[in-house]
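Structural features, examined
Residue strings, one per chain:
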Amino acid sequence: MMAKHYEGILIGKGLKFAVVVSRFNELITAKLLEGARDALLRHGVNEAHIDVAWTPGCLEIPITSKKLAQSNRYDAIICLGAVIRGGTPHSEYVASEVNRGIGKVSLDTGLPVIQGIITADTLEQAIQRAGAKEGNRGFTAAANAIEMANLLKALQ
Ligand code: INI
């Protein structure tokens, strides 16, 4: 007997998303938001089914995504931010708190809450991951959100 495999398809038609994006390092996060919107729209998500919430920094992303997840209005939440180590002594703390928080919200609410936070050593490295040499982390986070929303639906 063949094992049954479940997969999330990359078709966003009919799905609803909230994007939580941090203003801190807005130069980078605005590009992540562009990448995420691009991925959602080109995978068939309706423009009217994308809501965006801005937070002051990454640390405020988990509570904001929790509020959105609890509204039951979305199939997945996409979290976008940039933590740049250079010159910020507590950046390691910020990065690990955000990751832990996002994971907790996802498990607590049962909704895919996708981590699209860049952790970079330098601004240059962050730019490379926000639409230059290394692609756009916002785009991949949005594609992962579509896949996970569909996977969880398939498993229901
Ligand atoms: N917020 C970020 O989004 N990225 C950072 O790199 C960062 N650093 O390194 O300080 C950062 N700090 C602000 C933090 O997220 C909160 O907004 C602030 O501490 C107020 O709670």
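In this report, the structure presented in the accompanying data block is examined. (Residues numbered from 1 in each chain as written. Predicted model: local features only at pLDDT ≥ 70, side-chain atom pairs only at ≥ 80, totals over all residues. Heavy atoms only, no water.)

Considerations on the sheet that holds strand S1 (residues 17-22)
If you trace the 4 strands from one edge of the open sheet to the other, you get S2-S1-S3-S4, paired in parallel fashion. The sheet is open, and its two edges are formed by strand S2 (50-55) and strand S4 (113-120), each paired on a single side. Averaged over all pairs of adjacent strands, the angle between their axes in this sheet comes to 15°, without regard to strand direction. The pairing of S1 with S2 spans 6 bridges and is classified as parallel. Within S2, the position partnered with Val20 by the bridge is Ala53. This element, helix H5 (residues 137-155), spans S1, strand S3 (76-84) and S4 of the sheet and lies at about 160° to S4. (Pairing = 2+ DSSP bridges. Helix = DSSP H or I, 4+ residues; strand = E, 2+ residues; numbered from the N terminus. Axes fitted to C-alpha atoms, helices over the stretch in contact; angles between N-to-C directions. Contact = heavy atoms within 4.5 Å.)

Focus on unusual backbone geometry
Phi at Asn25 is positive, roughly 60°, even though this residue is not glycine. Looking at the element boundaries, Asn25 is found in the loop between S1 and helix H1 (26-42). Phi is positive for Asn72, which is not a glycine, with a value near 60°. Its place among the elements puts Asn72 in the loop between helix H2 (61-70) and S3. Asn72 gets classed as exposed once you look at its relative accessible area, which sits at 71%. (Buried < 20%, exposed > 50% of the residue type's maximum accessible area, 1.4 Å probe, protein only.)

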